[in-house]
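Chains, contacts and geometry: an overview
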Amino acid sequence: MPKRRRRFHAYLTAFLVLAVPVLAQEEEKGISRVYAMPIQGEIGDATASFANRVVAQAVRGRANVLLVELDTHGATVEEPDAGLEEAKRVLESFEEAERNGIRVVALVENAVSSGALLAVACQDLYVRPGATIGAAQPKYELPGADAEKSIAVLRTAFRTWAERRGRPVNLAMAMVDADMEIWQVVVRGPEGVETLYLTPDEIWERFEIRGELLRQLVDLPRDLPEWVREGTKPPHKYDRDPYVVGERAVSITKPITVPGRLLSLTADEAVEYGLAQGLANDREALFERLRLPETRVVEMKPTWAEAVVGFLTHPIVSIILVVVGILGIGIELLHPGFAAPGIVGLSALAVFFAANWFAGLADVLDIVLIVIGLLLLAVEIFLIPGFGVTGVSGILLLLAGLVLTFQDFTIPRDAVDLQILVRSLFYVVLSIAGTIGAGFLAARYLPETQAFRDMTAKIEMKASDGYTVARPENTALLGVRGKATTPLRPAGKAMIRDELRDVMTRGEWLQAGVDVEVVDVRANRILVQAVESPPAGEPPG
């Protein structure tokens, strides 16, 4: 055995001998391994990829706690709905951590929009003094989307996770739904004291207490908080004295939120209302609250590659890449020989697919659909006369592949997936519109640029010099008659000189069996017309 290999084996053995006892000693001493994952700024595809990587390493590292440090306003301002898909993928990573026995703990600096959903979904939720949590309603809707449906999707997500974690459900939903009116209700009875957060309808259903509806804002009591006075709809009014319901005294103490305002809580309010379990100034205070006397913290940070992927998968950047890709390939197909447009187009699509692949959105199926779609379009343009099933199939496969690339599922499974599908379709429509617009501008202005002139061949190819665009054997068919063997609509097949050939008319439809005559030859296309035109007014076959 070579000396180098023996030395490597010796180092490996020494490492294992030293490392294994250290890990065992940590377990024996009760040292908790904590993987710290900061989520800051926007929540996007890079965040989901980062969370997936952190959880995978935490599982391999036999972590005890996944510490999620939140300081985020959710998705981008231009695209607030998009954060729901990414948040859903982050939550799937949290669930994977739980399945492997890892405790998921949130420490919140700020958690707004989809960041609030992540906070509510963690097993333990602690807030720093001065923190803010809430305000998660979508700020705009995609074309064709129903505002109420969008809110309902988010409301369902908040309710599901609040119920799962035992947090006040109505408070979680009020962070999404600005139409909710919630009151703090304190119930004192033989079983003890219970604090609830109920809507007026729930107060009536549980205690048969109906509040007086204030119909004018000027009638609001002066001692109510200022933000209540500014609500777009007046809240109900309840007596300050407790209501006696059987053996219980029910006190409706104060409004938590009123219609017209999204619920956003301070750190103290989140703790008081039971949404968070407590305050924690820093990690040390948090570990003390979690009863983790000895910890070994593994700091996890997003890599530069995840930052690049996050930029490239931004909706605007993705649409630009698709437009540049399709336009470049289209120019190369229509004007072969330039090379530069084709290289730019293929590079743009390659970057688009690679970024979405690393972000966990694109799959092999998506890429295969798009490649097959482009190949079918090329076949339709260069090999098959007319535009038929091949071209339509190519377009449909291309569109399907693009839609799937913008999402991480094939078939929608729930209301959230349906919202994401609508968004993906919207992106594809924008990409098509952008491609058409860019193509029009290119056709209008590109030929006038010096760069285009430099790429264009300056040699004149005259027919007198022997140049031709038609195949010599096809040119000899001019004036030759034959018979259509299939309907020409306007493309089809005809028997000419005892050979079955692909032909097409100038637009008219002809029945099978009609005698035709070759009237023109263009490249590989043979143009024919009926020897005897069909009677006027008679529909073609």
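Residues numbered from 1 in each chain as written. Predicted model: local features only at pLDDT ≥ 70, side-chain atom pairs only at ≥ 80, totals over all residues. Heavy atoms only, no water.

1. A few points about the environment of Arg 283
Among the structural elements, Arg 283 can be located in helix H10 (residues 283-289). Among the residues examined, Arg 283 registers a relative accessible area of 18% and is labelled buried. Leave out the neighbours within four places in its chain, and Arg 283 touches Ala 36, Leu 67, Glu 69, Val 297 and Glu 299. (Helix = DSSP H or I, 4+ residues; strand = E, 2+ residues; numbered from the N terminus. Buried < 20%, exposed > 50% of the residue type's maximum accessible area, 1.4 Å probe, protein only. Contact = heavy atoms within 4.5 Å.)

2. Observations regarding the sheet that holds strand E5 (residues 182-189)
An order of E6-E5-E10-E9 is seen for the four strands of this open sheet, with the pairing classed as antiparallel. Edge strands, defined here as strands with exactly one partner in the open sheet, are strand E6 (192-198) and strand E9 (243-245). Adjacent strand axes in the sheet meet at a mean angle of 30 degrees when their direction is disregarded. Where E5 meets E6, seven bridges bridge the pair, whose relative direction is antiparallel. Bridge assignment links Gln 184 to a residue of E6, and that residue is Tyr 197. Across the face of the sheet, helix H7 (residues 200-207) comes into contact with E5, E6, E9 and strand E10 (248-257) while running at roughly 140 degrees to E6. (Pairing = 2+ DSSP bridges. Axes fitted to C-alpha atoms, helices over the stretch in contact; angles between N-to-C directions.)

3. Observations concerning the packing of aromatic side chains
In the structure shown here, the tally under the stated rule is four aromatic pairs. Aromatic pair Trp 183 and Tyr 238: ring centres 5.1 Å apart, planes at 75 degrees, arrangement edge-to-face. Of the two residues, Trp 183 is situated in strand E5 and Tyr 238 in the loop between strand E8 (236-237) and E9; the sequence distance between them amounts to 55 residues. Note on accessibility: Trp 183 and Tyr 238 belong to one class, buried. (Phe/Tyr/Trp six-rings, centres within 6.5 Å; stacked < 30°, edge-to-face > 60°.)

4. Observations regarding unusual backbone geometry
With phi around 55 degrees, Arg 62 is a residue other than glycine that occupies positive phi space. In this structure, Arg 62 sits in the loop between helix H2 (45-60) and strand E2 (65-74). Here Arg 497, not a glycine, exhibits a phi torsion of approximately 55 degrees, which is positive. Along the chain, the position of Arg 497 falls in the loop between strand E15 (491-496) and strand E16 (499-504).

5. Re the sheet that holds strand E17 (residues 515-522)
Taking strand neighbours around the barrel as the criterion, the five strands line up as E14-E15-E16-E18-E17 in a closed arrangement whose pairing is mixed. Strand-to-strand, the axes of this sheet are offset by a mean angle of 55 degrees, without reference to chain direction. Note that E16 and strand E18 (residues 525-530) share two bridges and pair parallel. Within the sheet, the bridge partner assigned to Val 503 lies in E18 and is Ile 526.

So far we have only geometry, and geometry alone does not tell us how the molecule works.
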